[in-house]
Structure formats: C-alpha cells, structure tokens
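# Structural features, examined
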4 protein chains.
Amino acid sequence: MVVLQLSHPTGSFNIRSKLTCFHRKFSSKVSSNVPSTSFISSSHQPDYPASLSPPASQSVAAIVFGDASHSRLYPLTKRRSDGAIPIAGNYRLIDGVVSNCINSNITKIYALTQKNSTSLNSHISRAYSGACLANEGFVEMIAAYQSADDKDWFQGTADAVRRCLWVLEEYPVAEFLLLPGHHLYKMDYQKLIEAHRDNNADVTLAVSSSMRCRDPSYVNVRVGKENQVVEFIKCQGKPPIHSKLEESIMVIDDAHDTFPSMGIYVINRVVMIKLLREYFPKSNHFRSDVIPGAIALGLKVQAYKFDGYWEDMRSIESFYHANMESTKMTDMPYNFYDRDFPLYTLPRHLPPSIITDAAIKNSIIGDGCILSNCRIKNSILGMRTRVGDKAIIEDSVVMGSDIYQSVTDDREGTATSIPIGIGEGSHIRKAIVDKNSRIGKNVMIVNKDNVEEGGSEAKGYIITAGIVVILKGAVIEDGTVL
Amino acid sequence: MVVLQLSHPTGSFNIRSKLTCFHRKFSSKVSSNVPSTSFISSSHQPDYPASLSPPASQSVAAIVFGDASHSRLYPLTKRRSDGAIPIAGNYRLIDGVVSNCINSNITKIYALTQKNSTSLNSHISRAYSGACLANEGFVEMIAAYQSADDKDWFQGTADAVRRCLWVLEEYPVAEFLLLPGHHLYKMDYQKLIEAHRDNNADVTLAVSSSMRCRDPSYVNVRVGKENQVVEFIKCQGKPPIHSKLEESIMVIDDAHDTFPSMGIYVINRVVMIKLLREYFPKSNHFRSDVIPGAIALGLKVQAYKFDGYWEDMRSIESFYHANMESTKMTDMPYNFYDRDFPLYTLPRHLPPSIITDAAIKNSIIGDGCILSNCRIKNSILGMRTRVGDKAIIEDSVVMGSDIYQSVTDDREGTATSIPIGIGEGSHIRKAIVDKNSRIGKNVMIVNKDNVEEGGSEAKGYIITAGIVVILKGAVIEDGTVL
Amino acid sequence: MVVLQLSHPTGSFNIRSKLTCFHRKFSSKVSSNVPSTSFISSSHQPDYPASLSPPASQSVAAIVFGDASHSRLYPLTKRRSDGAIPIAGNYRLIDGVVSNCINSNITKIYALTQKNSTSLNSHISRAYSGACLANEGFVEMIAAYQSADDKDWFQGTADAVRRCLWVLEEYPVAEFLLLPGHHLYKMDYQKLIEAHRDNNADVTLAVSSSMRCRDPSYVNVRVGKENQVVEFIKCQGKPPIHSKLEESIMVIDDAHDTFPSMGIYVINRVVMIKLLREYFPKSNHFRSDVIPGAIALGLKVQAYKFDGYWEDMRSIESFYHANMESTKMTDMPYNFYDRDFPLYTLPRHLPPSIITDAAIKNSIIGDGCILSNCRIKNSILGMRTRVGDKAIIEDSVVMGSDIYQSVTDDREGTATSIPIGIGEGSHIRKAIVDKNSRIGKNVMIVNKDNVEEGGSEAKGYIITAGIVVILKGAVIEDGTVL
Amino acid sequence: MVVLQLSHPTGSFNIRSKLTCFHRKFSSKVSSNVPSTSFISSSHQPDYPASLSPPASQSVAAIVFGDASHSRLYPLTKRRSDGAIPIAGNYRLIDGVVSNCINSNITKIYALTQKNSTSLNSHISRAYSGACLANEGFVEMIAAYQSADDKDWFQGTADAVRRCLWVLEEYPVAEFLLLPGHHLYKMDYQKLIEAHRDNNADVTLAVSSSMRCRDPSYVNVRVGKENQVVEFIKCQGKPPIHSKLEESIMVIDDAHDTFPSMGIYVINRVVMIKLLREYFPKSNHFRSDVIPGAIALGLKVQAYKFDGYWEDMRSIESFYHANMESTKMTDMPYNFYDRDFPLYTLPRHLPPSIITDAAIKNSIIGDGCILSNCRIKNSILGMRTRVGDKAIIEDSVVMGSDIYQSVTDDREGTATSIPIGIGEGSHIRKAIVDKNSRIGKNVMIVNKDNVEEGGSEAKGYIITAGIVVILKGAVIEDGTVL
C-alpha cells in the first residue's frame, strides 16, 4: 500500500542533473559481493521502515505476556518472570518483543504478568522510557491485582486480557496485537497489521513458514486458500488440544497447508471486546478457546506467514540453543548489530571490559567484564562477569553479576568467602550459570557423569537435557566437580 | 473546531481503488447494519494524522533558529534568546515550533542560537526529552562556537547552517526543514513536505495566504501558476530587500499572486549542501541571498500556501497581541487545549493555583499561582504568579516567577524587602511584567501619561508602542505611579 | 547532632569584615512581622535540611504500603490503590509520603501493593523518575506476585515485607523505614532515624503528639520515660486489638503518656529479618503482631513524638477533610508551596487554566482547567476540570479529567452525549466528583434529602457521611437532582 | 568532623546479643590478605561517603571548564571541546570530573565552554540526566553567548565566570567549586570543602602532593605552615608566570613546601563576587590574576593536599599515558570498577561485544565491539570498534565508532568503499585512532620512520611525540604504511 519512494527529480539543466545522481545513490542499494563479515548489513530492510496508515503508534496497542503459561524454564524463573531472564549478554528475554514493537512504531505497550512480576517491572519501568514516550508512548506493566470485583489471580491469557480491558480501552486504538514475551525473532509488525487491514480480517494470526513442527508441542493451524485459518490442529499424531470447540479440531498429518502458530494475534478492538465479554466470557485462553471459538463463530480469521528466524524459548534447551546461536558471527540468525532494527534494553553506564590475557573464540562478551588469564569458547559472558586466572569456559551461558564486588567486600553479609564470578582454575562446559553465583576455585562444571536430568535446588544446580544450570546466587565450593 | 482529515486518494487503477475503500471504511462513521463478520466497525474511530512515506521521523531534520535576526523584542531578550521568552502562562516561544515538529513526527530537531543561548539551552535540554527520544529522536541545541577553522560568531541564518553542516549531515535525511523559532501557529509539516515531494521541488517555502501584508516589513513572494515561486518582493511600495540578486526583485502592488513568506523552507539535503558550500559559500542569509539565488539558478522553488493562524512575534506589539489572543475562549485562534496537537514544554510538578477571592475574566492562569482577593481581566498570569489583596490586573501579561519566595525569605540576599509578585492594592494595565519582578504595594502601572515610547532600563521599565514592559527582576517601589 | 553552620570568617582587615556581614545575613533568619499571607514561608525549616551520618540515601530503605489494610475509601478505590487517589488538584495520595522520603534524602523506596496495583504502578513508574535516580535511587513498585514457593496474595503488611525480603535485602542498608502510603504530613525522616540511632533502638515508631485520639479506631501506645514504648493500647474504653499478645494490652483511659501510633516504624535491618523469619514467621501484621511481639521479646522499642499536622486518610470523611483543609490560604495546615520541602508528583505539560468569567473563593484550581462563567467556593478542581456556564461548585472536590475532550469528540465511543466535566447550570455542594465523570446540564448534586448513607454504584453515586461521591466515569443525566 | 557510625546495641539479654554480632559484622572491615585481583575493592573508602553540613547538594555549585586554555590536544579537539574527547573505551574526558561531583553529592554543575561546544553539549545534555536531578540537581552547559551588553567571546576562566555570574547566582550556595574538565582523578570534594570550612578560608586550592613537578609547565604554589598559600611559583628554574602580581612571584628551587596547583578552587560565594566584580573586574584568568591577587589582598587562601592519582590531560602524550594506565589490571591507578565511586556517562543500550577468535592482553574493550580473528595488546578499543581478520593492535587507543555500518551501507554517501573500523591484516602500534576513521586493509600504522612530529591534516594523520594520531573520520587507503 505504501510505496517507499524518494523524489527523483529529473530536471533538465545543469545543477539538477548533478543532484539527480545523488538522489539515486541515496535511495538505491548495492547488493553484490557482500563479504562474509557483512552481517551488520540491513540489506533485507527497506531504506526506511514500512509506514502504516493510520500510523501504528496511534492505532495499535500491543499486549505482551510476560509469563509463558507452560514454560519449562525453571529454575531460571525461580525469582523471575520468563520475560526477565537475561539473554545474549546484555539483554532480557522480553527486550526482543518490545524492541520489535518500538521498531514497528508501536508505542503503546502493556506487559501482563503475575509470576515474579517484580523482576520484570523493575526492568520495564526503567528500560525503554527514553525510547517510547513520543506521542504518548509507554511500556506499562500490569501485574495481576485484586479488585473489589475479583480477588483471583489471572487464570490464563484471555482471562488476563479480559480483566485488564478497562485499562486497555483507554486509548482508541483500532487493533490489539497480542504477543508472547519469550520469543526471539525480528518482525515488522506493521506488515502483519497491513495484511490484516488489507484482508478486512477480524483476527490475524502469525504462523511460521520456516519452523514447521520442529517441536511436537507446537500448536499448528491449517491454512486454506487466501490464507484463512481453517482449524487448529496438533502436530503428527499428537492428541488434539483440549477445548470447548474440540469437535472442530482434528488430528491430521503434517500437510503443506499446516503451519505452527506463533501465538501472535492481531484482533480488532471491537472484536476483542465482543469475544471476551459476550461470546466467551468464561474462556481463559486465547489459543485453546477464544481463537478456535472465533473460527467456529464464522469470524474472518487469517494467517500471516512469517519466514524469518523464530525461537520460542519455552524450555532450558531452546533457551540454551538461542544463546548459542547468538555467538555465531557468520550466518547469524538473529542480528544484534542491526542499525535499523536495534534491540532496546535497560540503559547502562558500565565501565568497559578489561582483559589481562584471554583467548576468546566465537563468544559474546557483555559490558563491564573482568577477565584474567583465561580461555573462553562458544560462550556468552553477561554483564560484569568476572573470570579468574586459568579458568576455561566452553559452550556456556554465564549471566554475570548485578554488582561489582570486591573479594573482601563483606557488605552483602554472605556467609561465604567465595566472591561472585568464576574462580581460578575452574572449568565450565555446557552450562548456564545464573546471575550472582559464586563459583569457587578449581571447580569442574562439566557434567562428568553425562546426566540428562539431575541436581537439586539445595545443591545449587539442576541438570536438564544434559545442561547444568547453576542457580542464581548459588555458591559452588572450591574443588567441586559436577 | 479542528478538522481532522485524511486524504482520500481517488486513483483509477486497481490497487488504488482497493485502498480507497479501505480508507473510506476506516475513516467514515458507519454505525448501522454491521454484518456479523464485521461487527468490528471502527466507526467511533477518528481520523489519524497524515503519514508521510518515508516517515518524517527518519527522513527529515528540522533546524530551528532560536534568535530572530531583526527582533525588536528587547528588553524581553536582555537575558534570553527570543525562543526562551515566556508566553501564554506555561510556555516559551520556541515550544510552538518544536511542538509542531513533534506533532508532525519530526524528531531530529536542531536549535541554532548565539544570543543568550544559556536560557534556551536550559529550556531545551530539559523540555522535550521525554517526547522526542523514540527512534533516535532529539532536540539538540547548537550554540555558536569557536573552532580551529573559525573564530567568528554566526553571521546570519545561512552562515549558521553552513558552519553546522558537519553536525547536520550526521543522519542521512532527505530534507532539511528550516524554521524561525519565534512564530506561533499550528502546521502539520508532513503536508508541506508531502507537497514538496509531490512536486519534485528543490526548495519549498511556506507562504501565508491568510495574513497578507499585515506588516509592511514582511518579505513577500510572487507565486506563479503551479505554485512555483517567481520572485521575492516587498509589500506595497516599500523598497526591495537588499540582496545580491536585487535585479530580480521588483516593487509591485499587492496582487493576488503575492503572499508573505513565513521564513519556513524545505530544502533537499543535497541541494542545501550545494547551495551553501558551492553556489553561495559567502552568503549569510537564506531570505535575502540563498533562496533568491536558488531561484536565479533555476532550481525548482515552490510555494506552499498555509491559511491558518500565524503570528510572527517579532516585536513587543506582536508578542503582546499573540498573548492577548490566547485569552479568548471562543474563536480561539490558537488552540492550546487540542488533544491531537498538544503543545510540549518543560515538565513541571508545581502545586495547583490557590485563590482566596478573585474575580477573573477572559484570562489565563498558569500553574501554581497564588491569588489573594483580587481582580484579573483580559490577562495572562504565568507560573507561580503571586497577586496581593485588592490588586487589579487588566490587559496585561504577567510572566510569574521562577521560585516560590516567602515574604521573609532572604536567601537571595536582595537588598529589597519587596517580595516577588504583585503587591497589595496595585493596579496594572496594558503591561508586560517580566519574570521575578517585585511590584510593591499600591503601585500604578497604567501608563498614566499615555506615552508611546519611554522608560529606561535603569528605572526598571520601558514603554514601547504604549505597552509598559517591567524588566525581569525589576523592583518597583511601593506607591510608584507609571 | 549535626550543627547547621556556615563559616563566619572573622578576619581583621577591610574586605573580610564586609564579607562577614554578608555571611551573617545569609545564614540567619528574619522572623518578625510576618504578614498573614506569608504561608509560603519555610520559617519552621532550618537553613538546610538535616544531614544524617551515614547519609539516609545510602543507609535507609523506605517501604511504602500502597494499600491501607482497613481502608474505607471505597468507591474511590474501585479501580485504584489507596495511594493512587487524586488529592488537592494536582497530586495522588502517595505523593505526600514519597516526597517526604525524597526530601529526607531517602532514595531507595519500595511501594508494596496488591489491590488495583495498575493505577499505582502507572503513577509511580513515571512520577519520580527524575527526582530519585541519583546515587542508585529509585521508587520501585512491588506488586503481589506468584512464585514457585508461594501462590498466595499478601496476607498483611508483615507478610508482604517477608515475601519481598529477598528484594529488600539487595542493598546493604542499616534500617528499613515502614510507611503507610495514605497519610498526609510533612516529616523529615532523618530526624526520626537520628533519634533511632542515638537511642541504639531496635525499633522506633512515630507517634502523634498533636492528634491524640481523635479517631477512636487509632491504635495507641503507652510511652514510658526515656520514650520507650511500654505497650499497645486502644483509645478510651474501646476493646483491645486482637493479637497473640493480647495479655499485654490493656484498656486504659487516655493518659498523658498515651499517643496514637502513626503506623511509621524504623527497624534495624537485622532485627527486621530476625523478627519476620525467626521469631514471628507466621505473623501477618506489624501493628497487631510483630511490633507488640518485639516489645514482649524485650527489644528496645522507642517512640518518636511528632507534633506536626498529620491526616490519616482512612475514610471518605477524612479524605474530604484533608482536601478541604488544603483550600485554606491562611493557617494552611499542610503547605503545598514550600520551596524547601516540595511535593513531587507526575511531571505534566498541560496548558494553563483558561477562565471566561469566574468568581472563585478559597479554592484550589489544578492545571489546565477550563472555566466558563461560573462560581467556585471552598472547592478543589483537579486537572483539566471543565465547568460550564452558570455552574456553581461549593465545598466540593472535583477530580478533573484524564483527557481534553471536545463536545463533539466521540472517540471514546461512549453512549452518552454528555461531555466530561460539569454541565451548564449545574450546582454541586459537598460532593466528591471522581475523574472523567460527566455531569449533565442543570444537575443538582446537593444531597437534597440530607442522607447520611445512600446511593448505589448502579446509579453512579454513593453517599457516605453525608458526602455525595460521584463514581469515576459516571454519567449524571441532565436535570438530575441528587 | 562527621563520625561514621552505626548503632551497636549492647543489650544484655538473649536476642540482643545475637543481633549485636550481626551489627558488628556489618559495620566492620576485613582488610587482610587482599589478593592481587582485588582492585575492585573500595578498601580505601569508608563504609559510607563523607557527609558535609550543610550538605554539598544544597550549599555548593561546581563550575567545570570544558576547554583547557592551553590545551595541546589538537587534533583530538578539531571538532570537540577537550571535555568531549573519548577516553578509556566508554567515557568522555569530562565524565571523570562530573562523576567526582556526583559522587561528592554536588549536583549543581555548570559546564562552561566556547570551543566546539556542540559536542560537549550533546554529551552533557543526555549523559547525567538520571544521576543528578534529585533535589533540583543538574548538569547545565553554558556556551559562550552574545548579549546586549557584551558581544565578545569568553576571554579566560575568570572572564567566563564573571559573565555567567547572573546565572551562577541563581541558587543561594555558600561556595563555588572551580574545576578543570580535562583531569582524571578521584577526589571526594566534600573533604576539600570541609577543610575549607574548618579553616574559615576565603579560597582553598587543591595541590598535588604526589605529582610534584613532573611537568615543568605546572604552576606551583608555596605552602606555609597551617597550609596557607604563600605564593605562586614556577617549577625548577622556569620563568614566572605573567601576571599583574608578578612582583610576588619568584623563581625558586623545588622545595618541600612547594606543590603543583591542580587548578581546583573552592571560593566563597561572596568572595567570588567581590573578586570578579569589584577587585579585579578586568582580570581574565584565575590562575595568573585573580587567585594571586586574592593572596596579595590578604584574603585567607589555603592549600588542600591531595595525594591520589592525578592526570592532567593537557597534551597528546599525557592523554595517551592516561589511557595506557587504564589498561593495567593490577596497580590500576584509576579504578573504573569502583562500586562506591562509579564513573557516570551517557547511558547506552549497545549489543555485547562479539569475538570470533582473538588473543587479548592487558586491554580494554568498550561496549559493542566486533572482533574477528585478531590480536589486541596493551590497547583500548572504544565503543563499536570493528577489527578485521589478522589485524594486530598494540599500545594504541582506538576510539571506535558512532554507528554500526554495514560494509555495503552507502547511506552516509561517502566516496570511499572502506568501512569504518580497522581493516583486515592491518597493524597498528602506538597510535590514537580517532572515531569513525576508516583504516583499509593491510595498513601499517607503526611510525616506521620513528618520527617525533609529522603528518598533516590533509593526509588524515598527525604525529606528535612519536604518537600517530589518525583524525576523526579519516580514510587510510589499503596498503598504506605510516
């Protein structure tokens, strides 16, 4: 609909023709011979982002779910919402989705949560304030709350939105955009919304055309001609999801017209209100109840195919996988260095990283790390990570620390003398080391017994899918071998 | 009052007609017979502001001139840039133009100044930070400075822009928008830029179609068919402006094709650089040299007719006039209460106004005023104005105070015992009372001798065009009659 | 402990003696002949605020309770926490206590809530950001949340603090300061903490020496010599509060050594942790369980007598009373205009108030009101209040509006044609008109039948203690008489 | 004066003695056996910073000079004020002094400049906003400006302060603190001011007791008993500085009572006003005119001895030296990782650094670098530095880039195809590479001819004291050998 075009004056006298070539240069693309280090390129982007009419900043509100309803990210979520988990050195899970919104010119953003909301609220209330305030923009946290009418917690995504409708209705937007907060991908939502508007759809849901049925727990949808959604199905022989509309959902083989739903919905404002208040006032979930119900009612429910990288970090494995992917400089599936589509997060003023003598391969080093004589490979070191002499870190995610702590700093009143960070001579492999943990000297975290599931909170670590997860603030004594 | 309008394209080929109906659907107010699949009507939705492609936030940078080159606003500018003069109770002159930018989705804003830049910098660096930061937005002050190459002050608008080009070039915008900072009007610059782009113009300048030649000192332009600018002229028999291009400027009668130039220019980025660096490297002013020169060179210079309210506050009279206009609730020429086009300024957290017993007519009361038993008529009271018992204020602009000062508060170490504000029993008529001034008890500021020009800085007041201006911080002793 | 002192050089030659008198003037106070309008004075303040060692900003964290446990403020709390109720035109209830903290150099502030936390979070996350960030300062909301360990809501003040201890322990402060969020008073908490430290106390609680037993529901404490707290009692013949420590609480007459507890506690960090985790791990409330328990255990619990104005807004009546007090310019019990002890709140950039023809007595006018030909007496008009022609408002609190709405603006999609504000010819007396309500034309809200308790939510109003409360967003049709 | 003390309850029954040990632990210091990596320690700091009475935040205003009057930092200052030069990867020169102020509880900070003020203003207006706003705090830039009275630029430090006195007088502070902006050191100014107040001094100037006469161009002072300043002298046989007070300045040998003046002055407010307006109304410089003049007048001018690390970055060499020092993890002279005395700067939300295969020794890596297969030794890489395959960087300061630029990104319209950063196979040794420069492939920047002074702006580099300085934005073609 919107043609991206800069004026190309084609005047006939001298100065104009000179200017013309400038203009052309300005608006054209060089696309040949891109060397291998060109991942910073934004070559898949237009010169300027898509522009929606009416603008997304005025006509769309995003609702981000801070908790995944079936998350298997424990123990990373012991004290945090899913959305507050640190990722890729400098970020939190929710930054990806919120940045998508900001980069798509959507600046009315509500984050709904009830599990460990403190962590997420602390992040959100400080992270994007600078980026979103234009034209009444905001990222606002709505924690589950008690009111005179309702003393319960949120019972699901649909219930949460229903109970917050009185807030969400505040601005006269045309559409709501529902977004799970624990996904990693880059999408210009303006294109999704444009498709929704062009189709005169009531509901449009995004499906992944590139990630078909990788995980059997995905909910799939069958898409008919002209992209209407025919039904919700389950992958390869799995039983149908439980819902009031069970009859319309069948178990089928994976077919060319079947795609995993990304859990992303554009819903017209009035449709949303009708669905939640009138048609399905008792339904608690969008995926299992409300959206299938809308199809059954005959509403126009469309699919929008998205073929980019998409990672649903619903488990320790997928979280670990997404982190490992981010260490690849070539074929980077998710470009953190894209100037046109930046990732927003909490502003920091940390010191630079200081390194005594380190060999570092295929790794990401967050802000303000302190590395002695050490070796880092295929790993991510989060902010303020301290690594001692002769330590080795491989294939691991180290989340770093909230503070700089001196070895002799006893202000925290901890009983241990082991400082925050990775001690001298320790070796860490295929592990996730949560924040503020204290790994002593000559510790081996290598899953020596090749355990798939093990450990315990009491011991300070849990092994899941063969990945050792050191708990936040855990103390691992000198010489321990895991 | 404010007409919200989206363009309804009526093109003839297929994609456009589809868009047309979408637009119509979206912007119309249909509320009956909504079919079941589209009970979604957005019928209660308003239109949304114009949207430019590429978006103004990415493709346009505004350059606001904080000083008027021929300003006759002294003594209000004794310690301030023109742009920092308080207006309409809560604002500063420059807020109007900067808010136009923000409301037009232009968020790269440079303010150039050299006269008393401190006041303007202090305002700008704190005023819009929340409103402009999205997508790398900013309002940044560039004060005249010395560099290794150039030890001089700015010699005019063109010289200022030329010397700052290295900063202005930082972002790859398509056009620069040049704006005098001391005007009061509401314009969606996106429409101006859209016209500029539609015309493939090199330069587009805004002209006022509603304010023809009110002030003989205006510079007028003659506009040809298809809105190209033919020449710069002077109003009704006045001598032509002095310029290198004098020969192309004639003295003519006011004609239907002649309009006052508003001093607002859209200039293509590359054209600007060529004009300032190659074609007119020694020219100091846009109005007298560069723009007429561009016409002479044969560039495409277009006029954009603006028919809204426009006040050029270049003199004490016009400043006084604009303030008086703002007190009219009906036929308000400039709507300060427009939800869709708000005026941004310094955020405040002042207490509310407290009023003991006041009769107030056709007046504006700024935040945090303290009014005793008094009468206010056709006047503006700025922030924190204190008015004593039995005081009368008519047809006046009182700018208020920077602080709350107790009657006994001697922290400022002033020699006077007269507190900031308007003392008991005083009477003020047709005056401008600048900030922090101390009007004693039973003072009469009524221009008793009907002087047109008079007063002196030493006495703390100046009379110009019959308007008494009390200087900032001036002390007027008890019982004085002016 | 801290002596406020400026150096008074007493050198012997000419320039020094001149300087000396400047110094003296600077640091002394003139206090004679203060006229009646001098309420802006800060004469009861020191030249500079008290300074604590170690500084409060580093050594104290404040915990503000956003909900009053026994609040009778419904229906004002239908959609809001107590702390988010608008007061005095420009503020929210919680602003008073948070501003006390900021003005006392306490910048680590947690606000705990679970009832309608959205409103409070929205306010807090934007209100004080500028004022508190120095030296790692913050005002952070902690909404009740579910965690892996605990799926319940907060069960009381002590339970809430216990569940949040892991957050509160983050900074190595020396003391916690517990504060109810719905009180109005000005206290330099540094003096309270200084007394606490000077006494080597474990717990210090503030008592009101000026507001003895006004409300029989206050919890009183008996204070022994040297200000130790002997026991918790109830006022004049009321039954004792229910607690595990009942045996130590007696019913006594009001005696000179008995004072109402303000619910404000300073508790040493380590003592707090011990009390909540070890000694009373099941106790839910500080007032009834934990603090009496601490006395019984023999801890040093001291009283700090506060003799200033203190309003506990626990009911509609006390809320109404506090608002009415704020309209008094003379003998103002709570000075909103105190330069040295400002009240912080959400920053705004509203237009000034515009007034066509109004007679205003003993009233407070919030920012950006639009008043036609009307009469306002002993009332408070909140931000953006619109009052129509010939309307009369007396002895009332009108909370104003969140938006400017044109009479023809149908964006909100409301079914009514009555705009937000007070309609023409309406008369309002002794009422609280909540935000965004729409009072039609010629409405009489005067409690014509002198009802003490009445009305209903369905009708849009409730009468309590003879005060009519119009609900937020309620529509009162033209001609209605209440 | 201020006793840092936490309460140590010494009760006699059970619970209290348990608590006591907690308290003791909390407030005591363990200081033995600090291992070599403990530089993060704040062991030289008290538990809490010093606290001044009245507090520095209320009673002191800092005036920071953004330009060094005799700076030899060109070409780093070609487009920047001295204070805006990048240092130590993440910072700007002025951050050190401003952070000293913030950490010393001084929050009224004026930065005066006239040379290339744009760069400094842009930094200051965004850098510390979060950190300084409490209690009316600010960092405000005052650029040289024209006013009705004065059309000149600032003529020196004293002239600049004199012309800005009307602004500086706004807050009723007791003392002004004058600070050169291009120094690197950590000083708690509260101790300096405390000494000033304890001595009843008119002026106190800081002298370095650890850096005696390293640079013969330092201005030294002779300090008498009781620390009064006797006279200004020059180091070892150098001629006296030129001043009106020449007669009082003698050439002497370095003696035990002679110390370099740091250019840091505390001056009583009234003394400052008298000195600049009455006694020396024509003097332009503090060091050569006003302070020696004050001594001659008989004012009490005291010295405050500072024995910490102090680097006056007045030349390319000293700037280079300070950067090199910051790469040392042991014996770090200036601790960037001090939790209690953090360095504030512009908040960022950059991606983490990504490293393909690097060997890094004794180096500092700023935020968001992109390093391929390369070797970094004794160097500093600023933000967003990109280093290509097989590049080697030694003993160098690389300032990084303002943007991420794709190899194919032609948006900047530059004529070159060399991207920003260090190209493949290039070797850089003992160089300063300014921002946004484009070093091609296989470039050698090694000062092959061992030149002391050389190069030229036209060639894109300058050699001074044997250090090669690549200009900001310079393009060094593939294969160049310098």
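Nothing here was measured: the structure is a model prediction, and the numbers come from that model.

What chain A contains, in helices and strands, is 10 helices and 28 strands. Within the span of chain A, comprising 482 residues, buried residues form 65% of the whole. Expressed as a percentage of contacts within chain A between residues at least 6 apart in sequence, the contacts between residues at least 24 apart total 65%. Of the roughly 16,600 Å² of accessible surface on chain A, a fraction of 49% belongs to carbon and sulfur atoms.

The next point concerns the packing of aromatic side chains. Enumeration over the complete set of coordinates arrives at 38 aromatic pairs over all chains. A centroid spacing of 6.4 Å and a plane angle of 55° characterise the contact between Tyr309(B) and Tyr334(B), whose relative ring orientation is tilted. Pair noted here: Tyr309(B) is in the loop between strand S12 (301–306) and strand S13 (310–312) and Tyr334(B) is in the loop between helix H10 (316–325) and strand S14 (353–365), with a separation of 25 residues, a long-range link. Through a chain of ring-to-ring contacts, the aromatic side chains of Tyr91(A), Tyr309(A), Tyr334(A) and Phe336(A) assemble into a single cluster. The residue whose ring lies beneath Lys108(C) is Tyr171(C), and the NZ or CZ to ring-centre distance is 4.4 Å. Here Arg384(D) stacks its cationic end above the ring of Tyr404(D), 5.6 Å away from the centre of that ring.

A regular strand places its side chains on the two faces of the sheet in alternate fashion. All names here are of chain A. The buried fraction of strand S6 (residues 175–180) amounts to six of the six residues, a majority that puts the element mostly inside the structure. Of the strand pairs in this sheet, strand S1 (residues 60–65) and S6 are connected by six bridges, and their pairing is parallel. Note that in S6 the partner of Ala61 across the bridge is Phe176. One ladder, built from four bridges, connects S6 with strand S11 (residues 258–268); its direction is antiparallel. Opposite Glu175, over in S11, you have Asn268 as the bridge partner.

This part covers unusual backbone geometry. Each neighbour pair has its own omega, and for Tyr74(A) with Pro75(A) the value is 10°, a cis peptide bond. Along the chain, the position of Pro75(A) falls in the loop between S1 and strand S2 (86–87). Its identity is not glycine, yet Ala88(B) carries a phi of approximately 55°, on the positive side. Here the phi dihedral of Lys430(D) falls at roughly 45°; this positive angle occurs in a residue that is not glycine. You can call Lys430(D) partly exposed: its relative accessible area is 36%.

If you walk through the whole model with that rule in mind, you get 52 salt bridges over all chains. Between Lys361(D) and Asp357(A) there is a salt bridge, with its nearest N and O atoms 3.9 Å apart. With one member in each of two chains, Lys361(D) in strand S14 (residues 353–365) and Asp357(A) in strand S14 (residues 353–365) form a pair that bridges those chains. We classify Lys361(D) as partly exposed; its relative accessible area is 39%.

We now examine the packing of helix H6 (residues 157–168) of chain C against helix H8 (residues 269–279) of chain C. All names here are of chain C. Where H6 meets H8, the axes come as close as 10 Å, and the angle between the chain directions of the two elements is 110°. With respect to their mutual orientation, H6 and H8 come out roughly perpendicular. Judged by the twist between their axes, the crossing of H6 over H8 is left-handed. Residues Ala158, Val161, Arg162, Leu165 and Trp166 of H6 form the contact with H8, whose own contacting residues are Met272, Ile273, Leu276 and Arg277. Its residues placed into classes, the contact of H6 with H8 shows seven nonpolar, no polar and two charged.

Attention now goes to the pairing of strand S4 (residues 108–113) of chain A. Residue and element names in this part refer to chain A. Most of S4 is tucked away, with six of its six residues classed as buried. A two-sided burial pattern is seen for S4, the buried positions comprising Lys108, Tyr110 and Leu112 on one face and Ile109, Ala111 and Thr113 on the other. Of the pairings in the sheet, the one linking S1 to S4 comprises four bridges and is parallel in character. From the neighbouring strand, Ala62 faces S4, where its bridge partner is Ile109.

Residues and elements named next belong to chain A. When the pLDDT values of chain A are averaged, the result is 81; 79% of them are 70 or greater. Across residues 1–49, where pLDDT falls below 50, the model places 95 contacts with residues more than four positions away in sequence or in other chains. Note on residues 236–254: pLDDT under 50 across the span, and 44 contacts to partners over four residues away in sequence or across chains. If you check the scores for this complex, the pTM reads 0.84 and the ipTM reads 0.83.

So, on to helix H4 (residues 117–127) of chain C. Spacing of three or four residues puts side chains on the same side of an α-helix, whose turn is 3.6 residues. Of all 11 residues that make up H4(C), nine are buried, and the element is covered over most of its length. Residues of H4(C) that are buried: Ser117(C), Thr118(C), Ser119(C), Leu120(C), Asn121(C), Ser122(C), His123(C), Ile124(C) and Ala127(C).

Residues and elements named next belong to chain B. Here Ile462 is to be found in strand S26 (residues 461–464). Residues Ile462 and Pro75, 387 residues apart in the sequence, show an inter-C-alpha distance of 7.7 Å. When sequence neighbours within four positions are dropped, the list of residues in contact with Ile462 reads Pro75, Gly454, Gly455, Ser456, Glu457, Ile467, Val468, Val469 and Leu471.

About the cut-offs
Residues numbered from 1 in each chain as written. Chains lettered and ligands numbered in written order. Predicted model: local features only at pLDDT ≥ 70, side-chain atom pairs only at ≥ 80, totals over all residues. Heavy atoms only, no water. Helix = DSSP H or I, 4+ residues; strand = E, 2+ residues; numbered from the N terminus. Buried < 20%, exposed > 50% of the residue type's maximum accessible area, 1.4 Å probe, protein only. Contact = heavy atoms within 4.5 Å. Areas by Shrake-Rupley, 256 points an atom, 1.4 Å probe, with all protein chains shown as cover. Phe/Tyr/Trp six-rings, centres within 6.5 Å; stacked < 30°, edge-to-face > 60°. Lys NZ or Arg CZ within 6 Å of the ring centre and 35° of its normal. Pairing = 2+ DSSP bridges. Salt bridge = Lys/Arg side-chain N within 4 Å of Asp/Glu carboxyl O. Axes fitted to C-alpha atoms, helices over the stretch in contact; angles between N-to-C directions. Parallel < 35°, antiparallel > 145°, perpendicular 65-115°, else oblique. Left-handed = near helix turned anticlockwise from the far one by under 90°. Nonpolar A, V, L, I, M, F, W, Y, C, P; charged D, E, K, R; others polar. pLDDT = per-residue confidence, 0-100.

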